[in-house]
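Residue strings, one per chain:
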Amino acid sequence: SRSVPTPTINLVLTSNAFENRFAQLDYGVRLNFRDARNEYRKRLLLKHDQYVSSTPTVQVNPDVMSFVRESMRRYMRTMGFNLDADIATDYMMIVDITEYNVSYISGIGWSGVVAMEIEVRDSDNQLVYPNTPISGRATVAANGSNYASASYAINRAYANALEDIDWDRIAYYLKRADSPAQEANKQVDGDGETALEHTVLNWEVTSRPAG
């Protein structure tokens, strides 16, 4: 008998980032990706209810962590974020992947879900953007053997997750404040990365007796 080829789910970035939206930021950002999925959820095809005792084996191209690392960096570069600019002043964006799965449910179709947790720390390792969960979901009505629809569902879910991230808020922390008062908690360390260090002071000196 002929062997049935192993189906493939292809991961691609389907969301178009807004070009140069954040091109004028003062600080760069470094990305740290971590796989926070438990062993059960490390399977891309999580459930397929046409199979009672087991879930079909699928190939994933590329693997989830490699894809997220490469695609999110590309997405952020398109928006104008300066990645890996200066290790002394770069902020750190930590991305924990908590869920990245697609399932087939009879009567509904293919359902994809992507979940992450994101936080941002400044160059002094101070938390500026607290740990925030983001998620994206997508459903495609199709039969259980249509793995092209499975690919579409998980890729749409990932695109929705990227759009769920508050990029404006993240960019806010990468922009130097207009005045020192807006950086009340920022420590001056001589690296030139605070508003105070970029403030021009004009001094008028008088003496007695005059002259």
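The model shown is predicted, which means the values in this text are computed figures rather than measured ones.

A. How the structure looks around the packing of aromatic side chains. Within the structure shown, the criterion is met by nine aromatic pairs. On the basis of an interplanar angle of 20° and a centroid distance of 5.5 Å, the ring pair of Y27 and Y91 is categorised as stacked. Of the two residues, Y27 sits in the loop between β1 (8–10) and β2 (29–35) while Y91 sits in strand β5 (residues 91–105), which places them 64 residues apart along the sequence. Exposure remark for Y27: the relative accessible area of 4% places this residue in the buried category. Centre to centre, the rings of F81 and W167 are 5.8 Å apart; their planes meet at 55°, and the pair counts as tilted. On the criterion of sequence distance, the pair formed by F81 in the loop between α1 (64–79) and β5 and W167 in helix α3 (residues 167–173) is long-range, its members being 86 residues apart.

B. How the structure looks around the nonpolar core. Ranked by size, the top nonpolar core spans 51 residues in total, and within it M72, M76, F81, M93, Y100 and W167 carry the most contacts. At the level of secondary structure, the elements contributing two or more residues to this core comprise β2, α1, β5, β6 (109–121), β7 (127–140), α2 (147–164) and α3. For M76, the residues in contact, after removing those within four places along its chain, are V29, L31, F81, L83, M93 and W167.

C. Inspection of the pattern of salt bridges at higher detail. Applying the stated rule across the entire model yields 12 salt bridges. A salt bridge links D84 to R30; the shortest N-O distance between them is 3.6 Å. With a gap of 54 residues between them, D84 in the loop between α1 and β5 and R30 in strand β2 connect regions that are remote in the sequence. Taking relative accessible area as the criterion, R30 reaches 23% and is therefore assigned partly exposed. Among the ionic pairs, K42 bridges to E39, the shortest N-O distance being 3.4 Å. Bridged by salt links that share partners, the residues R30, R73, D84 and D90 form one connected network.

D. View of the pairing of β5. For β5, the tally of buried residues reaches 12 of 15 residues, placing the bulk of the element in the interior. Pairing between β2 and β5: seven bridges, direction parallel. Across the sheet, the residue bridging to R34 is D96, located in β5. Here three bridges tie strand β3 (residues 45–48) to β5, and the two strands are oriented parallel to one another. Bridging from a neighbouring strand, H48 pairs with Y104 of β5. As judged from the 13 bridges shared by β5 and β6, these two strands associate in the antiparallel manner. For I97, the partnering residue across the bridge sits in β6 and is M116. With antiparallel pairing between neighbouring strands as the criterion, β5 and β6 make up a hairpin whose turn holds three residues, including G107 at a positive phi of roughly 85°.

E. Spatial organisation of the environment of L13. Mapped onto the elements of the fold, L13 is located in the loop between β1 and β2. Classification of L13 as partly exposed rests on a relative accessible area of 21%. The spacing of L13 and R74 is 61 residues in sequence and 9.5 Å in space, taken between C-alpha atoms. Setting aside anything within four residues of it in sequence, one finds L13 in contact with F67, S71, R74, Y75, Y158 and L162.

F. Broad picture of the environment of L31. In this structure, L31 sits in strand β2. Here L31 falls in the buried class, since its relative accessible area comes to 14%. Each C-alpha atom, one on L31 and one on Y91, is 8.7 Å from the other, the two residues being 60 residues apart in sequence. Residues within four places of L31 in sequence aside, it is in contact with R73, M76, L83, M92 and M93.

Reading the values: the criteria
Residues numbered from 1 in each chain as written. Predicted model: local features only at pLDDT ≥ 70, side-chain atom pairs only at ≥ 80, totals over all residues. Heavy atoms only, no water. Phe/Tyr/Trp six-rings, centres within 6.5 Å; stacked < 30°, edge-to-face > 60°. Helix = DSSP H or I, 4+ residues; strand = E, 2+ residues; numbered from the N terminus. Buried < 20%, exposed > 50% of the residue type's maximum accessible area, 1.4 Å probe, protein only. Core = buried A, V, L, I, M, F, W, Y, C linked by side-chain atoms within 4.5 Å. Contact = heavy atoms within 4.5 Å. Salt bridge = Lys/Arg side-chain N within 4 Å of Asp/Glu carboxyl O. Pairing = 2+ DSSP bridges.

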